[in-house]
Amino acid sequence: MTRKAIEVKELNFSYPDGRKALVDINLDVYEGEALGVIGPNGAGKSTFLLHLNGILRGNSKIKILGIEMENKSLPQIRSRAGLLFQDSENQLFMPTVFEDVAFGPLNMDLSKDEVEVVVKEALKEVDMLDYIYHHPHHLSFGEKRRIALATVLAMKPKILLLDEPTSNVDPKHRRDLINFLKELDNLTKVIATHDLELVFEVCSRVALLDQGRLITSGNPLEILKDKTLLAAHSLEVPRWLSS
Amino acid sequence: MKHTFIDQYSHKESLLHKIDPRIKVISFLVFILFVISTPKDSFLKFGLYGVLIIGLILFSKISPWSIFKRSLVVIPFTLMIFLFIPFFKEGVVMGTFFLGPLRLEVTYEGLQILGNSLAKAYLSVLCMILLISSTKFSHLLKAVERLGLPKVMLLILSFMYRYIFVIYEEFLKMWQVKEARSVGGSRLFQIKALANMVGTLFIRTYERAENVYLAMCARGFDGNIRTIDNFQLRRGDVFFLLIMILSLMSVRLV
């Protein structure tokens, strides 16, 4: 029996203006599983991901790798669940790529030599080692996204939380990213995306969110083929699946 | 997108670029201290300081023309002094002007103050421009951190350097969108549009700041900033500092 990596019970969250963002979400993700979170714009996919890293705190009981989400356990949780934000510009905030990737490991109190090793490893994994001393501003969107991924990988997380990892990335690097995610099969992954091909290839399970509610979760093939279900939630069966 | 970078020449390779940033910050500060503490009538000394800084500029392989262009920022400030000081100072009158009913007197002392502040301001600005142009901004930040600048100020500077171009680009994009749809319209309307853009930019910047903070938290930020640097003092660095101080002292004693 595999352990639960993420345990979400009765998650409710409202924005400061009172709008309900997440309503009664109950969801477990097991270790090594890759969960694709799909749904129309504004369904609450990003908001849901932000809860799994303790950035947002709705009134709920969330456990990450058996650790209860509390103020004092946040550092532990954040070093175990790495979050890739949708906007890489905000995720890269230090003057150079090196310092940015080093930010997380330094917060985990690694020594100077260890930090240098993990930073180089992480940049190598996303094929960006040549850019180590560059200023993030000079990079293209796709390059920023890859470095943002390196900043997460450098913390050696057990769980990867990815928010729209393939949006605005060119086809080649999108393909590289998909293959890379497939190789990381020892990590638990939660991927919020509109890229159904990515879901189909990488994920072992799919959760469909709409208007903050969990509509259903299950086998990717079954859900992605369900024409009426997808159409009811502003989604579409991909062509390569329907033919 | 086009923009000028603060440290656009910092990637050149010259001996000056290779000197430890901490040493550079110290020597250039010492230079400025020497310059501003020079008595106001020693124009020979100002000339010699000038020779020293021009020597360093040539030594740095940065095009003197670009440094000259940047150094012009000093003009508006000295212009203010030019407007006021020579005309309102007591002393030996050198000439009198009439501006309508106004009677203005130019005194020798007034001109001296103008020349003195112009020389001091210009030499200091040249020195700062050279420091910034020959040092990567990230190294400069590390250097002032090691020299004791509080980390909060350091972080503010570092965020400024990281995001000022992002915000500027956001503004450029908004401007382009506006231009793309601007077909005529009164001048007042254009100004109103500009005001709205500034407001939007402010809100976006504010939101971005919040998101950056969230991204920092997501990677374990707990209020303490941890950084590493690899500065190592070499013999050449100490040598440079000594040469600088010796040449400044000898100018002082001329």
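Residues numbered from 1 in each chain as written. Chains lettered and ligands numbered in written order. Predicted model: local features only at pLDDT ≥ 70, side-chain atom pairs only at ≥ 80, totals over all residues. Heavy atoms only, no water.

J.: Just checking my understanding: could you explain the sheet that holds strand β3 (residues 34-38) of chain A for this structure?
T.: In a beta sheet, neighbouring strands are held together by backbone hydrogen bonds and run either parallel or antiparallel to one another. All names here are of chain A. Taken in spatial order, the 6 strands of this open sheet run β6-β7-β8-β3-β9-β10, and their pairing is mixed. The open sheet has two edge strands with one neighbour each: β6 (81-84) and β10 (213-218). On average, each strand axis in the sheet is inclined to that of its neighbour by 15°, with strand direction left out of account. As judged from the 5 bridges shared by strand β9 (residues 205-210) and β10, these two strands associate in the antiparallel manner. In the strand pairing of β10, Ala207 is matched with Ser217. (Pairing = 2+ DSSP bridges. Helix = DSSP H or I, 4+ residues; strand = E, 2+ residues; numbered from the N terminus. Axes fitted to C-alpha atoms, helices over the stretch in contact; angles between N-to-C directions.)

J.: Just to check I follow, could you spell out helix α5 (residues 112-125) of chain A for this structure?
T.: Note: α-helices contain 3.6 residues per turn, so residues at a spacing of three or four share the same orientation. Residue and element names in this part refer to chain A. Its 14 residues place the ends of α5 20 Å apart at the C-alpha level, agreeing with the 20 Å of an ideal helix rising 1.5 Å per residue. Among the residues of α5, Val115, Val118, Val119, Ala122 and Leu123 are the ones counted as buried. Down the axis of α5, the smallest arc covering the buried residues is 130°, so these residues share one side. Seen from the open side of α5, the exposed residues pointing more than 90 degrees away from its buried face are Asp113 and Lys124. The secondary structure elements touched by the buried residues of α5 are α4 (97-107) and α6 (141-153). One or two positions beyond α5, positive phi appears at Asp127, with a value near 65°. (Expected span 1.5 Å × (residues − 1). Buried < 20%, exposed > 50% of the residue type's maximum accessible area, 1.4 Å probe, protein only. Arc of directions from axis to C-beta. Contact = heavy atoms within 4.5 Å.)

J.: I'm lost on the domain arrangement of chain B in this one. Help?
T.: By a frequent convention, interface size equals the accessible area lost on bringing the separate parts together. On domain assignment, one finds that chain B holds domain 1 (15-136 + 231-253) and domain 2 (151-218). Computed over C-alpha atoms, the centres of domain 1 of chain B and domain 2 of chain B are 35 Å apart. (Domains from an automatic or database assignment.)

J.: It is not clear to me how helix α8 (residues 151-181) of chain B should be interpreted in this structure. Could you clarify?
T.: Taking 1.5 Å of rise per residue, the 31 residues of α8 of chain B would be expected to cover 45 Å, and the 45 Å separating its terminal C-alpha atoms lies within 8% of that figure. The largest bend in α8 of chain B comes to about 40°, at Tyr163 of chain B. (Bend = angle between axes of the 7 residues up to and from the residue.)

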